[in-house]
Amino acid sequence: MSGEALQPIRGMSDIAAPDIQLWQHLERVARDILACYHFSEVRTPIVEYTSVFTRSLGEATDVVQKEMYTFEDRGGRSLTLRPEGTAGIMRYVANAGQDAQDARIFYIGPMFRAERPAAGRRRQFHQLGAECMGSPSPAADAEIIALQVHLLQAWGIKDFKLELNTRGLPDDHARVADGIRAALRPHRADLCDDCQRRFDENPLRIIDCKKSGCRAIVEQIPPVTEYMGTEARKYLQELMELLRQLEIPATANPYLVRGLDYYVHTVWEITHTGLGAQDALAGGGRYQMQMGRQTCEGVGFAIGLERILAVLQGQGVNGTDFARRPCVWLVSQGEAAFRENMLLMQSLRMRGIEASMDLSGRSMKAQMRAANKANSRFVVIRGEEEMERGTFQLKSMDSGTQEELELPEIMQRLIQERELS
RNA sequence: GUGGGUGUAGCUCAGUUGGUUAGAGCGUCAGAUUGUGGUUCUGAAAGUCGCGGGUUCGAGUCCCGUCAUCCACCCCA
């Protein structure tokens, strides 16, 4: 396929039926739940000044170093397609000033990362995220985790696992890095090549290296919390206690690390087996970032919607399960009947009834087939005989029964059906 | 960015050691004593065998390149 013109860009996909119905279902369910938790939607631009991301996520992170879609606009400004949602929301919050001090915001939309596509990893993917600003208490962390878990449960996700850890306060970060280096120094030669590099650049990353050799070494050194002040440890304990009260199953995992620099205190991840190598469904954390002169502090999460879809589809859920079912299909024979059906179709639609018909003058059999294919509840048949008698046939496609009725009765019946369904 | 698998009809895939006009199932469309769907039967349409080059009398099949796609690594949603 030479098809530059026809195919979407690598790692980006069109979303259409039947999948789109599942997407819309997820969004509908989510919006209802988010409203219950009193979160409101903000739609920020998909493109931001590059500095919005580099300053908040951290210059040295993988996302910033090698995964961003960055380009220059005509005025020579460096712009970036958002690789995640939090930074843009924080920019919005900082810009909104006092009005947004204790904002509770959610967002949903596409994110972009220039990575090699694989199972569960796309260049354009979609996240639903929520941010809760203003409260420095672990209660806010607990609330937002409760919301996230609620969403997954409402969508019908089974068997997910919630693990959390703390990154400590900003002051703790350097102490943790030094502590890890000191503890690992005797074993340095035994670490893998990647971890050799990480030792200097970002020792925290060694903690969640998946290689068995590194794991064995890491398990011998003290958990990262050992290097933190009491405040960080107390914070995590309080959060764990709150989650217990809310009956949210969570395990503390001292080896959990998340890649972005803006995190303080709590970080967490929700995984699901059977997703392939990318098993993270969602993540979150408490963060602190500088936006202009303001320090924005909050706690938030992001859920990868493609991965939610993948899990649900693995559980046998199908987009067609959420397809709308047309109430009635109009079938006609002859030009005059066709015209009258056009009019009838319009008045049905104006009354909120899903109505459809074939517009290309096909045979009655073909029209019936189309009605069946669209899974219509009813067919209204208007042929020459009915034209003479001034009647319509109303056929139920489920039972196969059919009766001859006049226009007012047809309308009444279909309106009743709409109210029932 | 590194490595591996795969590109044949709208979809899922066959296609023998290279050998005539490239096949199946599903789907689509049309018919089965003419006004009625689903089941069944019959028929039809539909392919630059990803693209470019090479080897050969001859390439869907072999070789090289390229693009796309899937999967893994890195990292994350």
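Computed from a predicted model, the values in this text were never measured in an experiment.

Q: Can you walk me through the domain arrangement of chain A in this structure?
A: By a widespread convention, an interface's size corresponds to the accessible area lost as its parts come together. Per the domain assignment, the segments making up chain A are domain 1 (4–169 + 228–320) and domain 2 (324–420). Computed over C-alpha atoms, the centres of domain 1 and domain 2 are 47 Å apart.

Q: Got a minute to help me understand the pairing of strand E4 (residues 78–81) in this structure?
A: In summary, the side chains of a regular strand alternate between the two faces of the sheet. Note that strand E2 (residues 47–49) and E4 share three bridges and pair antiparallel. Each bridged residue has a counterpart across the sheet, and for Val47 the counterpart in E4 is Leu81. As defined by bridge partners, strand E3 (residues 69–72) adjoins E4 across four bridges and the pair is classed as antiparallel. When the sheet's bridge partners are listed, Tyr69 is paired in E4 with Leu81. Two successive antiparallel strands, E3 and E4, enclose a turn made up of five residues, where Gly76 displays a positive phi of approximately 80°.

Q: Sorry if this is basic, but what is going on with the pairing of strand E12 (residues 328–332) here?
A: Taking burial as the measure, the five residues of E12 include five buried ones, the bulk of the element. Side chains of E12 alternate between two faces, with Val328, Leu330 and Ser332 and Trp329 and Val331 buried alike. Alignment of E12 against strand E13 (residues 355–357), held across three bridges, turns out to be parallel. By the bridge assignment, Trp329 is partnered in E13 with Ser356. Traced from E12 through helix H11 (residues 335–350) to E13, the parallel crossover comes out right-handed. Bridge count between E12 and strand E14 (residues 378–382): five bridges; the pairing is parallel. Within E14, the residue paired with Trp329 across the bridge is Val379.

Q: For this particular structure, what's the right way to read the packing of aromatic side chains?
A: When we look at a pair of aromatic rings, we describe it by the centre distance and by the angle of the planes. Across all of its chains, the model carries two aromatic pairs by this definition. Plain terms: the ring middles of Tyr262 and Tyr263 are 5.0 Å apart, the flat faces sit at 70° to each other, and that makes the pair edge-to-face. Each of the two residues, Tyr262 as well as Tyr263, counts as buried. Considering the side-chain rings of Tyr262 and Tyr287, the 5.8 Å spacing of their centres and the 65° angle between planes classify their relative orientation as edge-to-face. Note that Tyr262 is positioned in the loop between strand E8 (251–252) and strand E9 (263–272) and Tyr287 in strand E10 (residues 280–291), a separation of 25 residues in sequence. The exposure classification of Tyr262 matches that of Tyr287, with both residues buried. Members of the aromatic cluster, connected to one another through ring pairs, are Tyr262, Tyr263 and Tyr287.

Q: Help me understand the pattern of salt bridges, please; the structure alone is not making it clear to me.
A: Two side chains that carry opposite charge are able to pair once their charged atoms sit near each other. Taken as a whole and judged by the stated rule, the model has 21 salt bridges. Across the salt bridge formed by Arg181 and Asp178, the nearest N and O atoms sit 3.4 Å from each other. One end of the pair is Arg181 and the other is Asp178, both in helix H6 (residues 170–184) and three residues apart, which spans about a single turn. Note that Arg418 is salt-bridged to Glu419, the shortest N-O span being 3.5 Å. For Arg418, a relative accessible area of 33% translates into the label partly exposed. Overall, the relative accessible area of 56% leaves Glu419 in the exposed class.

Q: For this particular structure, what's the right way to read the side chain of Arg82?
A: Topologically, Arg82 is positioned in the loop between E4 and helix H4 (86–96). With no salt bridge to any partner, buried Arg82 finds its closest opposite charge in Glu48, at an N-O distance of 6.8 Å. Residue contacts for Arg82: discarding those within four places in its chain leaves Thr44, Pro45, Ile46, Phe53, Gly109, Pro110, Met111 and Phe112.

Calculation criteria
- Residues numbered from 1 in each chain as written.
- Chains lettered and ligands numbered in written order.
- Predicted model: local features only at pLDDT ≥ 70, side-chain atom pairs only at ≥ 80, totals over all residues.
- Heavy atoms only, no water.
- Domains from an automatic or database assignment.
- Pairing = 2+ DSSP bridges.
- Helix = DSSP H or I, 4+ residues; strand = E, 2+ residues; numbered from the N terminus.
- Buried < 20%, exposed > 50% of the residue type's maximum accessible area, 1.4 Å probe, protein only.
- Right-handed = clockwise from strand over helix to strand, strands pointing away.
- Phe/Tyr/Trp six-rings, centres within 6.5 Å; stacked < 30°, edge-to-face > 60°.
- Salt bridge = Lys/Arg side-chain N within 4 Å of Asp/Glu carboxyl O.
- Lys, Arg positive; Asp, Glu negative; His and termini not counted.
- Contact = heavy atoms within 4.5 Å.

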